[in-house]
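Each chain, letter by letter, is given below.
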Amino acid sequence: MNMGSNKTVDSELQGAGSKLGLEIWCVENLQLVSVPQSSHGKFFSGSAYVVLHTALLKSGALQHDIHYWLGKDANEVDSALASDKTLELDAALGSQSVQYKEVQGQETGKFLSYFKPCIIPVEGVYSSGQGKVKSPAYETRLLTCKGDRVVHVKEVPFSRSSLNHRDVFILDTSTKIFQFSGCNSSIQERAKALEVVKYIKEHKHKGNCEVATIEDGKFVGDAEVGEFWSFFGGYAPIPRDPPQQPPEALAVKLFWITLQGKFTQCGSSRLKRSMLESNKCYMLDGEIQMFVWMGRITSLTERKTSISAAEDFLRAQERPVNTHVAFLTEGSETAIFKSYFDDWPQTVAPKLYEEGREKVAAMFKQKGYDVEELPDEYDKPQIDCNGTLKVWRVNNGKLSPVPVVDQRKLYSGDCYTVQYIYSADGREERLYYIWLGNKSCAEDRDDAVSLTSVIVDSTKAEPVLARIVENKEPSQFFMIFKTLIMFKGGMGSRYKSTVAEKGVGDETYDDKKTALFRIQGTNRENMQAVQVDQVSRSLNSSYCYILKADGSIFAWLGNLSTTHDHDLLYGMLDLINSTWQPILVREGSEPDVFWDALGGKTEYPKEKEIKRFVEDPHLFVCTFTEDVGSQPGDLKVKEIFSYTQDDLTTEDVLILDCYTEIFVWVGHNSAVKSMQQALSIGLAFLKKDVLEECLSMDTPIYVVKEGHEPPFFTNFFEWDASKANMLGNSFERKLAILKGQTQKLEAPLRNSPSVHSKETTPTGLRRPSPTPNGLRRPSPTPNGLRRPSPTPNGSRRPSPAPNGLTRRQSLDSYTQRSTSPTISKSEISKVNPRRFSSPPVPRIIPSASSPDLRGADNKPVSGSSSAKVKINPSKDSGPKQELVNYPYDRVKVGSKDPVPDIDITKREAYLSEEEFQEKFAMSKTVFYQLPRWKQNKLKMSLFLF
């Protein structure tokens, strides 16, 4: 059935969703009328509205979210009509939108994010014909503000009895606005309420009124406190808040809604996707949210009946008014909805990069712009890539410096610490990478994280730290290396020991072995040679390859490779060995000796590889518990919709999920104490996979500290560097802005050295200074300010501009010092790493090949005692007894030679540890700690479910 037929769509909705942003309609005289943009955000409590939000995704697709908002005094007829019109609008848009029911005072965060900082409903009914009415005398009113991310504003009786200790209140009088903060309200709630105060001052008072803030418990001796209480007839103590009972947990239930609007339960707790049939409508009754799911071949009448029945169900059950209801058509399910099902398949088609670019370009042309080609923003460097590079290999619990001539070579069996120093606005900035090879051992990985985290924690320059895994490197990593060769095997002692213990061959590259390299990159300043298995299935028609075998060098050109790819091939041949005389081989004309070197000719990919489009980022605020005894902590996240820079609150830790990489942003006044803990939060987020994106645990994780945000983070925001130059908590900062007193909270100018300062050592680190000043992350303006580290409240530093100086010394001009020390884990485990908010200590600078890690007393700084955030393990902890191992090909679904009498629900458990790691890219221990639904997803992708 074509649900998008215009015959069933209201004429007011014709053409809706074709422009970006908000479109709003109100029910008036039993008809929809369009609300002009000038009245967006003004809602009447006696009316019902339909709100459409349209956004353009980076994939080029339009995303529609539909809400119908019901005022507290709206009548049932108008409310039902708004609900019906929402369904009609969804049908007109192709039945792919998500629809939300919004009740005055209990709106969803997504809805409120459209109307920042808040909506304050007006008494009465909307009238499209009303002109400007002369305003009556200003009426004093009392408002309550709830929420630390989005604010629910509600007018309450103007009485002392309305006040309590847990909320924030606004007393709006004709000449002055008072904010009263309950003693049990949070800093973030108080800061958000100030945004409402500012809104009222600008829109109700035209900017002409005073503002006063009152703290709960402050004595009347203060003039403004006395003035506040005078409106209530004088001061009197506020009664103690009654204890709040946690909401009762409800069992998840699935109901089929019949054509007559009756409910038949068809599932509980553990739900299966097969329970949902495309010709029926269902209601999923969750703990705090209810969903109505409508099959794709149900009629509009059936859908209206099911929605009406669900609303009757809510009323009959006397559910709390804050129970949110969402309506989903098959194919538009949200991540939260899918999470209720154990086996929801991963069927989302990848959004292709080129296709998305074409859609975006077409939209620009439709708007009248002459667009021939959109720039490829993802291949452009966000920082100066002409800085200095240092590399250390993790070797038996120590960081051993890699000679400069070998810094362009990484081995899959090893782990590395990479320090990159670059210039921005005439100052030095630091970026550290932890690179983990695919075949590296767990001990080396743990040491890499621990050792590097401590180095970064003890560095005054407040660097950015990134954890990356082989084959998941971000493009920026390759850009700073410029040219890179990634070999099989390893040079570390633990890799060698592991190979010897297992009795397997050492794959480490040498001139005598056959080796196959895939060539990739964007230009000769950004190209890589990656050693792959020397078998023909490693080939791909989209790439060029170098095959070294039996004294011959073959340069293989795939049929889908370009002249650009060929230039990279020749450049890499010159880099590896300029004396080689390669034999040029085009795909399809290979000699027999070529295939013999690869073990024979077999099938390999011959379709063009198309880049996956970068997903739109999502911002989450994190709450987490510390470990208590033997009970591990837990991580909870909440998405912030329509996010801005102002959502980065100094008391919090937030995660920006960009799908291909994530950023852990750490506020200066947050509880996180170390880089290692921040990395643990990032890993916990990947494990939760909140948006059900099938995030890999190898996804790059960046840790960014407040005030030191690099351009490759700030480019996801409309960044205002001036906001980064303030001390104090969130409330103090916003109050200073509101009162025009920002200079009182500005940090003093930083006194860090220039890139060319003679006070820096050959490593780029500054020599000890008599004052504890540090390096700042500069802003695009020349007057960047800093937060003095000893101040407990802290401030934020502006982000750098993506400009810099030329490389002051090339990698090839470096010489390794023979006296360069290694850095061991035992050396740095004697002293705890400093907190983010603690003052840095003056440092003795080690030699040129050593990272910065010692204090003024020359005592090493520890890296092993940082707290970690853990996730409660799944109840499914794997098989209770040791099972016999069988090859993957015999235990997978559809095997030609299946093993008889195995537990088909635990096919993966019969794999050996090595084969399990190869297939799942994780150990069995890690796998069985994942949520059951995610275990099932991974097993399905490998035909083990």
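Our structure is the block above this text.
It should be emphasised that the depicted structure is a prediction, and the values quoted were computed from it without experimental measurement.

### Side note on the overall build of the chain
Here is step 1 of the chain: For the chain, the count of helices and strands is 19 helices and 33 strands.
Here is step 2 of the chain: Going through the 945 residues of the chain one by one, you find that 54% of them count as buried.
Here is step 3 of the chain: Long-range contacts, defined as pairs at least 24 residues apart, comprise 68% of the intrachain contacts of the chain with a sequence gap of at least 6.
Here is step 4 of the chain: Total accessible area computed for the chain in this model is approximately 43,000 Å², and 50% of it derives from carbon and sulfur atoms.

### Overview of the packing of helix α8 (residues 442-457) against helix α13 (residues 675-688)
Here is step 1 of the chain: At a closest axis distance of 8 Å, the pairing of α8 and α13 adopts a crossing angle of 125°. If you check the angle between α8 and α13, you find them oblique. Across the interface between the two elements, Val-449, Ser-450, Ser-453, Val-456 and Asp-457 from α8 touch Met-675, Gln-676 and Leu-679 from α13.

### Points about the sheet that holds strand β9 (residues 176-181)
Here is step 1 of the chain: Here we have 5 strands laid out as an open sheet, ordered β7-β6-β8-β9-β10, and mixed in their pairing. Each edge of the open sheet carries a strand with a single partner, namely β7 (152-156) and β10 (210-215). Here the strands of the sheet are splayed against their neighbours by 25° on average, with no regard to which way each runs.
Here is step 2 of the chain: As defined by bridge partners, strand β6 (residues 141-146) adjoins β7 across 5 bridges and the pair is classed as antiparallel. Bridge pairing in β7 places Leu-142 opposite Val-156.
Here is step 3 of the chain: Along the sheet face, helix α4 (residues 223-230) touches β8 (168-172), β9 and β10 and points at about 95° away from the line of β9.

### Examining the packing of aromatic side chains
Here is step 1 of the chain: Tallied over the entire structure, the rule returns 59 aromatic pairs.
Here is step 2 of the chain: Measuring from ring centre to ring centre gives 5.3 Å for Phe-43 and Phe-115, while their planes differ by 90°; the resulting arrangement is edge-to-face. One end of the pair, Phe-43, is in the loop between β2 (31-34) and β3 (48-56); the other, Phe-115, is in the loop between α2 (109-112) and β6, with 72 residues separating them in the sequence. For the pair shown, Phe-43 and Phe-115 are each scored as buried.
Here is step 3 of the chain: Between the aromatic rings of Phe-341 and Trp-344, the centroid separation amounts to 5.2 Å while the plane-to-plane angle is 65°, which identifies the pairing as edge-to-face.
Here is step 4 of the chain: Classification of Phe-341 as buried rests on a relative accessible area of 1%.
Here is step 5 of the chain: Residue Trp-344 is classed as buried on the basis of its relative accessible area of 6%.
Here is step 6 of the chain: Among the aromatic residues, ring-to-ring pairing joins Phe-158, Phe-169, Phe-178, Phe-180, Phe-228, Trp-229, Phe-231, Phe-232 and Tyr-235 into one connected group.
Here is step 7 of the chain: Between Arg-518 and the ring centre of Tyr-543, over which it is positioned, the NZ or CZ distance is 5.4 Å.

### Looking at the packing of helix α3 (residues 187-203) against helix α15 (residues 730-738)
Here is step 1 of the chain: Put simply, α3 and α15 touch, their axes get as near as 8 Å, and they point 15° apart. With respect to their mutual orientation, α3 and α15 come out roughly parallel. Crossing of α3 against α15: the hand is left-handed. On the side of α3, the interface is formed by Ile-187, Arg-190, Ala-191, Leu-194, Glu-195, Val-197, Lys-198 and Lys-201, while α15 contributes Ser-730, Phe-731, Lys-734, Leu-735 and Leu-738.
Here is step 2 of the chain: When the residues that make up the contact of α3 with α15 are grouped by side-chain class, the tally is 7 nonpolar, 1 polar and 5 charged.

### Quick word on the pattern of salt bridges
Here is step 1 of the chain: Scanning the entire structure with this criterion turns up 37 salt bridges.
Here is step 2 of the chain: In this structure, the salt-bridge partner of Lys-101 is Glu-311, at a minimum N-O distance of 3.9 Å. Note that Lys-101 is positioned in strand β5 (residues 98-103) and Glu-311 in helix α5 (residues 300-317), a separation of 210 residues in sequence.
Here is step 3 of the chain: Note on Lys-101: relative accessible area 14%, which makes it buried.
Here is step 4 of the chain: Asp-647 serves as the salt-bridge partner of Lys-116, at 3.5 Å between the closest nitrogen and oxygen. Of the two residues, Lys-116 sits in the loop between α2 and β6 while Asp-647 sits in the loop between β29 (635-640) and β30 (653-657), which places them 531 residues apart along the sequence.
Here is step 5 of the chain: The partly exposed category is assigned to Lys-116, whose relative accessible area is 37%.

### Things to note about the sheet that holds strand β23 (residues 515-523)
Two strands in a sheet stick together by hydrogen bonds in their backbones, pointing the same way (parallel) or opposite ways (antiparallel).
Here is step 1 of the chain: Strands sit in the order β18-β22-β24-β23-β25-β26-β27 across an open sheet of 7 strands; the sheet is mixed. Both edges of this open sheet fall to β18 (409-411) and β27 (583-586), since each of them pairs with a single strand only. Each neighbouring strand pair of the sheet contributes to a mean axis angle of 20°, computed without reference to strand direction.
Here is step 2 of the chain: Where β18 lies against strand β22 (residues 483-487), 3 bridges are found, and the strand directions are parallel. Bridged to Tyr-411 within β22 is Phe-487.
Here is step 3 of the chain: Along the sheet, helix α11 (residues 563-576) makes contact with β22, β23, β24 (526-532), β25 (544-549), β26 (552-557) and β27, crossing β23 at roughly 120°.

### Some remarks on unusual backbone geometry
Here is step 1 of the chain: Cis rather than trans, the peptide bond between Lys-116 and Pro-117 has omega equal to 5°.
Here is step 2 of the chain: Within the fold, Pro-117 resides in the loop between α2 and β6.
Here is step 3 of the chain: For Tyr-659, which is not a glycine, the phi torsion comes out positive at approximately 70°.
Here is step 4 of the chain: Residue position: Tyr-659 is located in the loop between β30 and β31 (662-666).
Here is step 5 of the chain: At Cys-694, a residue that is not glycine, the phi angle is positive and equals roughly 55°.
Here is step 6 of the chain: Within the fold, Cys-694 resides in the loop between α13 and β32 (701-705).
Here is step 7 of the chain: Note on Cys-694: relative accessible area 34%, which makes it partly exposed.

### So, the pairing of β22
Here is step 1 of the chain: A large share of β22 lies buried, amounting to 5 of its 5 residues.
Here is step 2 of the chain: Burial along β22 is two-sided: the residues Thr-483, Ile-485 and Phe-487 and Leu-484 and Met-486 are all buried.
Here is step 3 of the chain: Bridge count for β22 against β24 is 4 bridges, and the pairing is parallel. Each bridged residue has a counterpart across the sheet, and for Met-486 the counterpart in β24 is Val-530.

### A word on the pairing of strand β20 (residues 427-436)
Here is step 1 of the chain: When you tally the buried positions in β20, you get 10 out of 10 residues, the bulk of the element.
Here is step 2 of the chain: Strand direction decides the pairing type here: strand β19 (residues 415-424) and β20, joined by 10 bridges, are antiparallel. The partner of Tyr-416 across the bridge, within β20, is Trp-435.
Here is step 3 of the chain: Pairing of β20 with strand β21 (residues 464-469) involves 6 bridges; the strand directions are parallel. The partner of Leu-431 across the bridge, within β21, is Val-464.
Here is step 4 of the chain: What joins β20 to β21 is α8, and the crossover it makes is right-handed.

### Some details on the nonpolar core
Here is step 1 of the chain: If you look at the biggest cluster of nonpolar residues, it comprises 61 residues, and the most contacted ones within it are Tyr-433, Phe-477, Phe-517, Ile-546, Leu-656 and Phe-663.
Here is step 2 of the chain: Setting aside its immediate chain neighbours within four residues, Phe-663 contacts Leu-654, Ile-655, Leu-656, Cys-658, Tyr-702, Val-704, Phe-712, Phe-713 and Phe-716.
Here is step 3 of the chain: Counting 35 residues, the second-largest nonpolar core is a separate cluster that includes Leu-436, Val-672, Leu-695 and Ile-701.

Procedures and definitions
- Residues numbered from 1 in each chain as written.
- Predicted model: local features only at pLDDT ≥ 70, side-chain atom pairs only at ≥ 80, totals over all residues.
- Heavy atoms only, no water.
- Helix = DSSP H or I, 4+ residues; strand = E, 2+ residues; numbered from the N terminus.
- Buried < 20%, exposed > 50% of the residue type's maximum accessible area, 1.4 Å probe, protein only.
- Contact = heavy atoms within 4.5 Å.
- Areas by Shrake-Rupley, 256 points an atom, 1.4 Å probe, with all protein chains shown as cover.
- Axes fitted to C-alpha atoms, helices over the stretch in contact; angles between N-to-C directions.
- Parallel < 35°, antiparallel > 145°, perpendicular 65-115°, else oblique.
- Pairing = 2+ DSSP bridges.
- Phe/Tyr/Trp six-rings, centres within 6.5 Å; stacked < 30°, edge-to-face > 60°.
- Lys NZ or Arg CZ within 6 Å of the ring centre and 35° of its normal.
- Left-handed = near helix turned anticlockwise from the far one by under 90°.
- Nonpolar A, V, L, I, M, F, W, Y, C, P; charged D, E, K, R; others polar.
- Salt bridge = Lys/Arg side-chain N within 4 Å of Asp/Glu carboxyl O.
- Right-handed = clockwise from strand over helix to strand, strands pointing away.
- Core = buried A, V, L, I, M, F, W, Y, C linked by side-chain atoms within 4.5 Å.

Functional significance is not addressed by these values, which are geometric in nature.
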